[in-house]
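The primary structure of each chain is shown beneath.
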Amino acid sequence: MTIDKEVNAEFDKKPMGTGELYAVHQTAKLPIQLRIGNQYSPVLIKAIDSMEFGCQVYPSSDGYKRIINAIDRIFQHSLDNTEYFKNHKEAGDRFEKLVQRRQALIQKGKALDSEFTVGFQPQSKSGGCFIATAVLGDYQHPYVLLLRKYRDEILQRNIFGRAFISSYYKLSPSIARLISKSNITRNAVLKLFIKPLYNVVSKILNNQHTR
């Protein structure tokens, strides 16, 4: 993406101090990612607007799927670059609005095709986040993406985290099946567990990146 090129071009202008650790020097890229990413986020939203307008003129499940996949790429790129789409002070509520918009597009796709699905569905338990996916009904939902990122970047790197992951994968499939049977249960778990967990994990990852 152009964002990456612009970030790297500006970052490359910053000289590395004498005796400065490379990892410390790399942290100087974080505020650049946030600022430039936030500058581009309205442009990205306009691109989604244009795609959605085309789908309103000629509705098709494939068209809605392309829009959702484009939103997923935006979320993944933001997640890989200090979450510029929601963490910059000027971003406001763009992130949550785009999450809600993504969900609305899924419903439009399902209205045209009862078998409409988006995102990669994991074939093995090592790749999934069962409870969050059961609650949100979508393996590529931004909340699920961040929880997977926390698993891979934090939990997997220490013995206690790996033990938790192992226990989670043994217990969570049966819990997820129970949750998925009831809309009331899904909404309650989303409000009382998934959203608070998402906020906590987001702060942990942000602190990890700014060290």
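Above: the structure in question.
The structure displayed is predicted, hence computed values, not measured ones. (Residues numbered from 1 in each chain as written. Predicted model: local features only at pLDDT ≥ 70, side-chain atom pairs only at ≥ 80, totals over all residues. Heavy atoms only, no water.)

Caption draft 1: Looking closely at the environment of F164. Structurally, the position occupied by F164 is in helix α9 (residues 159-180). Sequence separation of F164 and R151 is 13 residues, and the distance between their C-alpha atoms is 9.9 Å. (Helix = DSSP H or I, 4+ residues; strand = E, 2+ residues; numbered from the N terminus.)

Caption draft 2: Representation of the packing of helix α4 (residues 61-80) against helix α6 (residues 94-112). Orientation of α4 relative to α6, taken along the N-to-C sense of each, is 155°, at an axis distance of 9 Å. Our classification of the angle between α4 and α6 gives roughly antiparallel. Here α4 and α6 pass one another in a crossing that is left-handed. Contacts between α4 and α6 involve S61, Y64, I67, I68, I71, D72 and F75 from the former and F95, L98, V99, R102, L105, I106, K108, G109 and L112 from the latter. (Axes fitted to C-alpha atoms, helices over the stretch in contact; angles between N-to-C directions. Parallel < 35°, antiparallel > 145°, perpendicular 65-115°, else oblique. Left-handed = near helix turned anticlockwise from the far one by under 90°. Contact = heavy atoms within 4.5 Å.)

Caption draft 3: How the structure looks around the packing of helix α3 (residues 29-57) against α4. The geometry of α3 relative to α4 is characterised by a closest axis approach of 9 Å and an angle of 170° between their N-to-C directions. By the angle class used here, α3 and α4 are roughly antiparallel. Contacts between α3 and α4 involve L44, I48, M51, E52 and C55 on the former and, on the latter, G63, Y64, R66, I67, A70, I71 and I74. Here the residues of the contact of α3 with α4 are counted per class, giving nine nonpolar, one polar and two charged. (Nonpolar A, V, L, I, M, F, W, Y, C, P; charged D, E, K, R; others polar.)

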